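# Observations on chain architecture
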Amino acid sequence: MKTAAAFILGAALPLPAAAPTDHPPEAFSGGTTTVFNDGKDAFSLALANLSRDNRRLFAVGNSFFNENWIIAPASAQARDGLGPLFHARSCSACHTKDGRGSPPNEGEAMTGLLLRLSLPGQDAHGAPLPDPTYGTQLAIRAIPGAQPEAEVPIRWIPSTRTLPDGETIALRRPEFGPITWHYGPPAPGLLFSPRLAQPIYGGGLLEAIPEATLLALTDPGDTNHDGISGRLNQVWSVEQQKTMPGRFGWKANQPSLRQQSADAFLGDIGITTSLHPDESLTPAQQPALGLLPNGGTPELSDHIFERVVLYTQSLAVPARRGLDNPSVRLGEKLFTQINCSACHTPTLQTGSTHPLQELRGQTIHPYTDLLLHDMGEELADHRPDFLASGTEWRTQPLWGLGLNAEVNGNTFYLHDGRARTLTEAILWHSGEALASRSAFEKLSRTERDALLAFLASL
Amino acid sequence: MKRILTCVLASWALGTGPAPAARTPLQTTSRAVVLQYAKTVHAVYSDCLTASLTLQQSIRSFLAAPSPDSLAAARAAWKSARLIYVQSEVFRYYAGPVDDADGPEPLLNSWPLDELYIDAGEGGDGGIIANEKTYPDITPRLIESLNLKEGEKNISCGWHAVEFLLWGQDKSATGPGDRPCTDYTTAPHAARRGQYLQACADLIVSQFEDLTKQWAPGKLGNYRAIFEEGYDQSIERILTGMIFLSGNELAGERLQVAWDTREQEDEPSCFSDHTCEETIGDALGLQNIYRGNYVRPDGTSLTGPGLRDLALLVKPDLVPGLDSKTDGTLAAARSIPSPFDQAILGDDDSPGRRAVLKTLTAAEDQSALLRTLARALQIQIPEQAASDIAG
């Protein structure tokens, strides 16, 4: 029950944000789509300029993103078809409050983290090769009457790093296993990659950046000798049946929010769409699971799926905060000085062709170039994905970073959620980022704090 | 305005502020509205408690002597309780007792219910009810522990669980669920099904007992005491509840989704087909707070200052619009032909679809005007996501 003290402290309501007219231009991380909210719902709001009609579609997409999918056959036929194999029952279960997921503690089952699988090699389109029994993603849950694919315990292996000024930072990395396989052993040479659920907000704006803009940021041969060699991933588009730039996901393996969503519905929840009309059961699983009832063909109609896609395109970026703070301003200078901005690009423009006109012609501050960069051995998963090598990762957008604690009540960074603080995340940067990381380590404590304050203002 | 009120409040807390006689008209009216609201909330939750006790008892009677008549009585008791409960939904969205971190809202009202998680259909063996090995004792505590939107668990208790257990799956295009009372006599797992049903009803009673205590008058340190004392913040809470119920939940989640998708069972009360009545109840709840008038099940009225009186004071030009939209949402809701799941079908010209669209449009407009009122009171209502079920 609520105590008197907690109530008097005003814990119930977030502080009201000042009206948009009171804010400097730099605060508008998403251009005119930016929303001003620094509370629990900061990642869950529609584009500030979303039309009334689109808001109604957003409400529908929101419903199907947030509500649980249930076992077929159920009365609410639009909502049934969960599984038979799945990772979570809803998008929101992992993309918590439209933010990122959390990794499990030891002894806990994974929810906000999943395991990608593959065998060495590529298919005809350049995609990773699936394991014949387990495919390209491990399903750790199943509907009653079905066995999940495996149980996977996690262990966190600690280490420390000491900075030149003597400060010691605790680090950790995950290890998985021993794995209990329920459909027989996987093929030899199986590759794994743990993947934290990505934040959803801002996706539409990223989708609206022209390909030419991203290409102009690439420098695969490092012709300017700055140590940075960003590459655009080129991936297979199932919907368009051609190869095109990838920009979503930890290895930029998804070309569009539509395809990413369809893949996630199938792989994470076991929901079919017209893009993926069949359940992803392998031949080994068909005997046990192939005859279980499903939620229709497809389980998610085009009509509703389109609204979920619009929802993922229309989640707004929250405004920057604390711009007046001198520490933030110092940190912003340092960010450029030590070259973080070489990959975490501060400013980009969206183009004029995105189907959602609210996303067009915006000046945005995502702090990403959406390109692949070699991040070194320590962070590698050794699982290539189209053009992305086993040591490359897509530059993660940094907008909204400072609100993770408020929205999700926790902070986990990098592809497997190993970093619990931004300092930890920075310390894992290597490869192309080694020079910047070393420069960070050599900053004074005050300067490091300023850089962190700047990141927290995003 | 807000800063002034806060300073005054702080100095009252220190015992050094102006006496009540020195309050401005705005302060006086705000305080009166807040006191009336608190009275109303307590009355609504008390009425919910009474109705849920009736439901609990009717379920006991049904399980003691299952028959079509005793099942019908239990179903009627569920419907009566729901009609009061939906009038309390306007008290959500500001992390009050019903939906703060420990609040019962996710346990009371979550949707969609995973039917097969609770009770396998067509004599199957899945579900909690059939699983005697893992769940040997079905108790309110167990059911509460199994209810979680994320992770391993799913929605397992609350209004819609009771509804599901009383009506069964709605497989019909033209009527509600039609569970026979033999599900509680001769069908497999009949006894455990009965225990589950009773446990859900018992849980609802205990939740309304708690809510009623939090809003009871004259109790030192309960939510009501602090709500009434901090009345300028409470106006913000009252408005927050109204704005999000009308604009986000009612217009968006409840009506727009169903209207847009034409999915027959994409309605909160899909087993009983009670959604029309509940839509009316939500709209009525909004009007109750706006006009300061709540008609109780026994026919008596609780009347006093409402938000309308505050609007008349600070922005009288808003009042005609607010009147029109608040009453209009209710009138439009009353015009939706029952059952809801058929009202949304057909082409856009059909009377049902026109009525649903009219209701959601009025609710959207109501929400927008309430935001304008908030701005006039110098209150900034944050944007908030709908479907905030997990809190």
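Residues numbered from 1 in each chain as written. Chains lettered and ligands numbered in written order. Predicted model: local features only at pLDDT ≥ 70, side-chain atom pairs only at ≥ 80, totals over all residues.

Here we take up the overall build of chain A. If you tally the helices and strands in chain A, you get 13 helices and 15 strands. For chain A, the C-alpha radius of gyration of 22 Å lies close to 23 Å, the compact-globule estimate for 458 residues. Scored against the burial criterion, the 458 residues of chain A give a buried share of 54%. The long-range share in chain A, meaning contacts at least 24 apart out of those at least 6 apart in sequence, stands at 67%. (Helix = DSSP H or I, 4+ residues; strand = E, 2+ residues; numbered from the N terminus. Rg over C-alpha atoms; globule rule 2.2 N^0.38 Å. Buried ≥ 20, exposed ≤ 12 C-beta atoms within 10 Å, placed from the backbone. Contact = placed C-beta atoms within 7 Å.)

Looking only at helices and strands, one finds 16 helices and two strands in chain B. Out of the 391 residues belonging to chain B, those deemed buried represent 54%. Residue pairs at least 24 apart in sequence account for 73% of intrachain contacts in chain B once pairs closer than 6 positions are excluded.

Residue and element names in this part refer to chain A. Alignment of strand E10 (residues 233-237) against strand E11 (residues 242-246), held across five bridges, turns out to be antiparallel. Within the sheet, the bridge partner assigned to Asn 233 lies in E11 and is Gly 246. A loop of four residues connects E10 with E11, the two strands running antiparallel in sequence, and Gln 241 in this loop sits at a positive phi of about 55°. (Pairing = 2+ DSSP bridges.)

Here we take up unusual backbone geometry. All names here are of chain B. For the peptide bond that leads from Trp 111 to Pro 112, omega is -5°, which places it in the cis range. Tracing the backbone shows Pro 112 in the loop between helix H4 (105-109) and helix H5 (115-118). The linkage connecting Ser 338 with the following residue, Pro 339, adopts the cis geometry, with an omega of 0°. Mapped onto the secondary structure, Pro 339 falls in the loop between helix H14 (319-334) and helix H15 (340-343). Even without being glycine, Arg 262 reaches a positive phi, approximately 55°. Within the secondary structure, Arg 262 is located in the loop between helix H11 (231-261) and helix H12 (275-291). In this model, Asp 273 sits at a positive phi of 55°, which is unusual for a non-glycine residue. Following the sequence through the fold, Asp 273 ends up in the loop between H11 and H12.

Before going further, it helps to examine H11(B). At Leu255(B), H11(B) shows its maximal kink, close to 40°. At the exit of H11(B) stands Arg262(B), carrying a positive phi of roughly 55°. (Bend = angle between axes of the 7 residues up to and from the residue.)

Inspection of the secondary structure assignment puts Leu371(A) in the loop between strand E13 (363-364) and strand E14 (372-374). Counting along the chain gives 21 residues from Leu371(A) to Glu392(A), while the straight-line C-alpha distance between them is 9.5 Å.

Residue and element names in this part refer to chain B. Helix H9 (residues 190-214) packs onto helix H8 (residues 159-167) with a crossing angle of 145° between their chain directions and a minimal axis gap of 9 Å. Considering the relative orientation of H8 and H9, their crossing is left-handed. Of the residues in H9, those in contact with Ala 161, Val 162 and Leu 165 of H8 are Arg 193, Tyr 196, Leu 197, Cys 200 and Ala 201. Tallied by class, residues from the contact of H8 with H9 come to seven nonpolar, no polar and one charged. (Axes fitted to C-alpha atoms, helices over the stretch in contact; angles between N-to-C directions. Left-handed = near helix turned anticlockwise from the far one by under 90°. Nonpolar A, V, L, I, M, F, W, Y, C, P; charged D, E, K, R; others polar.)

Time to look at the pairing of strand E7 (residues 168-176) of chain A. Residues and elements named next belong to chain A. Relative to E7, strand E6 (residues 154-162) runs antiparallel, the two sharing nine bridges. Opposite Trp 156, over in E7, you have Pro 174 as the bridge partner. Connecting E6 to the antiparallel partner E7 that follows it, the hairpin turn spans five residues, and Gly 166 within it adopts a positive phi of roughly 100°.

For the rest of this paragraph, the subject is the sheet that holds strand E3 (residues 128-129) of chain A. Residues and elements named next belong to chain A. Spatially, three strands are ordered E3-E2-E9 in an open sheet, and the strand pairing comes out antiparallel. Edge positions in the open sheet fall to E3 and strand E9 (191-196), since each of these has one partner strand only. The sheet contact formed by strand E2 (residues 113-122) and E9 spans six bridges and is antiparallel. Considered in E9, the bridge of Leu 114 is made with Arg 195.

Here the focus is the packing of helix H2 (residues 25-64) of chain B against helix H13 (residues 307-314) of chain B. Residue and element names in this part refer to chain B. Between H2 and H13, the shortest axis-to-axis distance is 9 Å and the interhelical angle comes to 170°. Regarding the angle of H2 to H13, the classification is roughly antiparallel. Like other packed secondary-structure pairs, H2 and H13 cross with a definite hand, here left-handed. Contacts from Pro 25, Leu 26, Thr 29, Ser 30 and Val 33 of H2 reach H13 at Leu 307, Asp 309, Leu 310, Leu 313 and Val 314. (Parallel < 35°, antiparallel > 145°, perpendicular 65-115°, else oblique.)

Assignment of secondary structure puts Pro68(B) in helix H3 (residues 68-85). Taking the C-alpha atoms as reference points, Pro68(B) and Cys181(B), separated by 113 residues in sequence, lie 6.4 Å from one another.

Right, let's talk about the confidence of the model for chain B for a bit. All names here are of chain B. Residues of chain B with pLDDT of at least 70 account for 90%, and the chain-wide mean is 89. Across residues 1-18, confidence stays below pLDDT 50; counting only partners more than four residues off in sequence or on other chains, it has 15 contacts. pLDDT under 50 marks residues 386-391. Its contacts with residues more than four places away, or in other chains, come to 20 contacts. Here the predicted complex carries an ipTM of 0.80, next to a pTM of 0.87. (pLDDT = per-residue confidence, 0-100.)

With that settled, the discussion passes to the environment of Ser314(A). All names here are of chain A. Assignment of secondary structure puts Ser 314 in helix H8 (residues 302-314). Note: C-alpha distance between Ser 314 and Phe 58 (256 residues apart in sequence) is 7.3 Å. The contacts of Ser 314, once residues within four sequence positions are left out, are Ala 46, Leu 47, Leu 50, Asn 54, Phe 58, Gly 204 and Leu 356.

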